[in-house]
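# Breakdown of the fold
Each chain is listed here by its residues.
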Amino acid sequence: MGVTCLVLGLVGLVAWRLAADRSPFSRLLPAETPLVLEGEPSAVLEALRRLPGPGPQLLKDFGLSPATISDSHRVLVALLTGPPTAHPSPCRAHLAQTVDQLESSWEKTGSWPDQLSEVASCPQGGQVLYQRQGQDYVLECRGPDRRLAYDSRQGFIEESGVSPVYLLAVEKSTGQTVRAGLIPGTGPDLRLYCSDPDQLDRLLSASGPRLSLPGPEDSPLRLTARVRELRELFPSLPSGLGRNDRVEVWGDPAAGRMSARMPLPTPVLPEEPLEVSELLAELPASPVTLAGTPAFLRLLGVDPGPADAPDLLGLALAAPLVRGQEREQLARALEGRQPAALEARFGNPARARAWLNRSSWASLQGEGHRGGQTACLQERVVVRMGPGMPVQGSRPSLPDGPGQTGLVGWATLESPEAGTEVYSFAAGRDHEQFWLEFLRQGTSETSPKPQPSPSVPTLQGS
């Protein structure tokens, strides 16, 4: 019986390992591959259509369409080397701003400076150099994988260390209608196409760690990418992430359920848990309601205010958010320029009072303010701005995460293309990793339209 149990155990272990590695793309590429998008054909095609920069061009170059990969189970598209897009990068925008400053200096002095006294650091980690050459100058930014220069006689001169090389891997496809150079796959059900077959051959034969795709293997869409490549496509990524850190995303876009993981740029939560869900339950069930720590709000690009920020901050907006303007609307609410309800919690009453006195709502203390009212209740600051908050129906369900929670809530989003949709979300820390989960709840047909901000000023000046 002992030998039988051992054999059965080994068989079970082998079966488990085979199941864990049954993806056709498992361990295909080196672990440092810059960017990989993998999933069901329909999800990958839609992601490429929406991907800024190279997405639509890749569809054209590889001849990808629902008809060409109709018999495919899974599809993978990867950036193997080189920058993912030729579109203006944060580095280029930074140099352009410095050029504008030099042009302004010329208008005042009639000459270029011998040297630049102050040059802001490159947002992509490069070194900015300036050299005057007679009546002209050269401004240069040098990074580990590219050189970008501006010559006052020629304009921008960009030299990338390598050109972009893309791979298309298709499972169970005839491959007859897909363009690009064909490279035999590792099995009869996998075909590989690459814009530089020699480059792919070197990568496939290279030794070293191999890439693992994130999330459940049956996720309709999975993405893993280095920060430096992903930031070229999405400049709004949280600041503080290392250029070689990896961001992982997976889920079902059609169902509106997605997960994201990335390294924490800074410690954003204390060791003891914080009751963000409890604070959320006390806020009005408005079109937009969220509660979290200021550190997590900053990760999402929302500044919670003065330096001595509260331990917890809750915010409810009277109107939905407009796609593409979410951060601006949240910022206006935190500056007292949009109808909202807010609650801030501190460790002691003195901190609460000091924060309120320095905040945008200091002028609302007392009675008789038409713009709103505020109160300092021991360790809590409660603020109401504008008209009363609208009454909602049931509160959306919140997704669960793998670790300590630092941000929860929901948001009603409006756009001409998608109409009105409601998303719930949760974010937090799992050891040294930042996690984010969001879930589309459906549409909201009764959400109120955005209202104008009250004209009554909320700040007093002297």
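None of the values given here were measured: they were computed from a predicted structure.

### Some points on the overall build of the protein
Scanning the protein for helices and strands turns up ten helices and 21 strands. Of the roughly 23200 Å² of accessible surface on the protein, a fraction of 53% belongs to carbon and sulfur atoms.

### Some thoughts on the packing of aromatic side chains
Evaluation of the coordinates by the stated rule reveals six aromatic pairs. Geometrically, the ring pair formed by Tyr-130 and Tyr-137 is tilted, given 5.7 Å between the ring centres and 35 degrees between the ring planes. The pair Tyr-130 / Tyr-137 is uniform in exposure class, with both members buried. Among the aromatic side chains, those forming a connected cluster through ring pairs are Trp-112, Tyr-130, Tyr-137 and Tyr-150.

### With respect to unusual backbone geometry
With a phi angle near 60 degrees, Gln-378 is a residue other than glycine that sits in the positive phi range. In this structure, His-431 takes a positive phi of about 60 degrees despite not being glycine. When you line up the elements, His-431 lands in the loop between strand E20 (419–430) and strand E21 (433–443). On the basis of relative accessibility, which here comes to 65%, the residue His-431 falls in the exposed class.

### Brief notes about the side chain of Thr-33
Secondary-structure assignment places Thr-33 in the loop between helix H1 (2–20) and strand E1 (35–39). Polar side-chain contacts of Thr-33 include one of 2.6 Å to the backbone oxygen of Pro-30. Once residues within four sequence positions are removed from consideration, Thr-33 is found in contact with Ala-78, Leu-79, Leu-80, Leu-211 and Arg-246.

### A short note on the confidence of the model for the protein
Low-pLDDT portions of the prediction should not be read for the details of their coordinates. Confidence along the protein averages 77 in pLDDT terms, with 77% of residues attaining 70 or more. Counting contacts from residues 1–21, a segment whose pLDDT is below 50, to residues more than four positions away or on other chains yields three contacts. In this model residues 445–462 is a low-confidence stretch, pLDDT under 50, and it forms 34 contacts with partners more than four residues away in sequence or in other chains.

### Topic: the pattern of salt bridges
The tally for this structure, following the rule as stated, stands at 16 salt bridges. Here Glu-38 makes a salt bridge to Arg-222, at a shortest N to O gap of 3.0 Å. Of this pair, Glu-38 sits in strand E1 while Arg-222 sits in strand E10 (residues 221–226); the two residues are 184 residues apart in sequence, bridging distant segments of the chain. Accessibility assignment for this pair places Glu-38 and Arg-222 in one class, buried. For Glu-282, the salt bridge goes to Arg-345, with nearest N and O atoms at 2.7 Å. Here Arg-345 lies in strand E16 (residues 340–345) and Glu-282 lies in helix H7 (residues 276–282), a separation of 63 residues in the sequence. Using a relative accessible area of 44% as the deciding quantity, one classes Glu-282 as partly exposed.

### Looking at helix H9 (residues 326–334)
Residues of H9 that are buried include every one of Gln-329, Leu-330, Ala-333 and Leu-334, and no others. In a view along the axis of H9, the buried residues occupy a sector of 135 degrees, so they form one face of it. Those residues of H9 that are buried lie in contact with strand E13 (288–292), strand E14 (312–317), strand E15 (321–322), E16 and strand E18 (380–385). Positive phi appears at Gly-336, one or two residues downstream of H9, with a value of about 75 degrees.

### Looking at the pairing of strand E17 (residues 372–377)
Burial of E17 is one-sided: the residues Gly-372, Thr-374 and Cys-376 facing one way are buried, the residues Gln-373, Ala-375 and Leu-377 facing the other way are not. Bridge count between E17 and E18: six bridges; the pairing is antiparallel. Its bridge partner lying in E18, Gly-372 is registered against Met-385. Taken together, E17 and the strand that follows it, E18, pair antiparallel across an intervening segment of two residues, in which Gln-378 is found at a positive phi of about 60 degrees.

### Focus on the side chain of Glu-171
Mapping Glu-171 onto the fold places it in strand E7 (residues 165–171). The buried charged residue Glu-171 lacks any salt bridge, with Arg-74 as its nearest oppositely charged partner at 5.7 Å. Ignoring anything within four residues of it in the chain, the contact list for Glu-171 reads Pro-24, Phe-25, Asp-71, Ser-72, His-73, Arg-74, Asp-189 and Leu-190.

### Comments concerning the nonpolar core
Core analysis: the largest hydrophobic core is formed by 64 residues, its most contacted members being Leu-48, Leu-315, Leu-342 and Val-381. Ranked by the residues each element gives to this core, the list is headed by helix H2 (residues 41–50), at five residues. Contacts of Leu-342, omitting those with residues within four sequence positions, involve Leu-313, Gly-314, Leu-315, Leu-334, Trp-355, Trp-361, Val-381, Val-382, Val-383 and Arg-384. Leu-76, Leu-80, Leu-203 and Leu-211 belong to the second-largest nonpolar core, a separate cluster that totals 17 residues.

### With respect to helix H10 (residues 349–358)
The complete set of buried residues in H10 reads Ala-352, Trp-355 and Leu-356. Viewed end-on, H10 has its buried residues packed into an arc of 100 degrees, placing them on one side of the element. Against the buried residues of H10 lie E16, E17 and E18. One side-chain oxygen at the N-terminal end of H10 lies 3.2 Å from the backbone nitrogen of Ala-350; it belongs to Asn-348.

### A word on the environment of Leu-334
As for its placement among the helices and strands, Leu-334 is situated in helix H9. Residue classification places Leu-334 among the buried residues on the basis of a relative accessible area of 9%. Along the chain, Leu-334 and Asp-303 lie 31 residues apart, while their C-alpha atoms are 8.0 Å from each other.

### Considerations on the environment of Glu-140
Topologically, Glu-140 is positioned in strand E4 (residues 136–142). Glu-140 sits 45 residues away from Leu-95 along the chain, and the two C-alpha atoms are 8.0 Å apart. Apart from the residues lying within four places of it in its own chain, the contact partners of Glu-140 are Gln-127, Val-128, Leu-129, Arg-147, Leu-148 and Ala-149. Side chain to side chain, Glu-140 and Arg-142 meet in a polar contact 2.6 Å long.

Thresholds applied
Every chain is numbered on its own, with residues counted from 1 as its sequence reads. Local features in a predicted model are, by the rule used here, given only for residues with pLDDT of at least 70; side-chain atom pairs are given and counted only at 80 or more, and totals for whole chains, interfaces and linings are based on all residues. Based on all heavy atoms of the structure, the side-chain values leave hydrogens and waters out of the count. The secondary structure listing takes helices from DSSP runs of H or I that are at least 4 residues long and strands from runs of E that are at least 2 residues long, numbered from the N terminus. Surface accessibility follows the Shrake-Rupley procedure with a 1.4 Å probe radius. Residue values consider only the protein chains on display as shielding. Aromatic pairing here means that ring centres of Phe, Tyr or Trp (its six-membered ring) are within 6.5 Å. Orientation follows from the plane angle: under 30 degrees is stacked, over 60 is edge-to-face, and everything else is tilted. Only protein chains enter the area calculation, which uses a 1.4 Å probe; residues under 20% of their type maximum are buried, those over 50% are exposed, and those in between are partly exposed. Throughout this description, a polar contact denotes any pair of N or O atoms lying within 3.5 Å of each other; where both atoms belong to protein, one of them has to be capable of donating a hydrogen while the other can accept it, and for residues adjacent in sequence the pair is counted only when both atoms sit in side chains. We call two residues in contact whenever any of their non-hydrogen atoms come within 4.5 Å of each other. Residue-level confidence of the predictor is what pLDDT reports, using numbers from 0 through 100. For salt bridges, the criterion is a side-chain nitrogen of Lys or Arg within 4 Å of an Asp or Glu carboxyl oxygen. The arc refers to the directions leading from the helix axis to the C-beta atoms. Between any two strands, pairing holds if DSSP finds at least two bridges. Counting rule applied: Lys, Arg positive; Asp, Glu negative; His and chain ends not counted. Throughout this description, the term nonpolar core refers to a set of buried Ala, Val, Leu, Ile, Met, Phe, Trp, Tyr and Cys residues connected via side-chain atoms within 4.5 Å.

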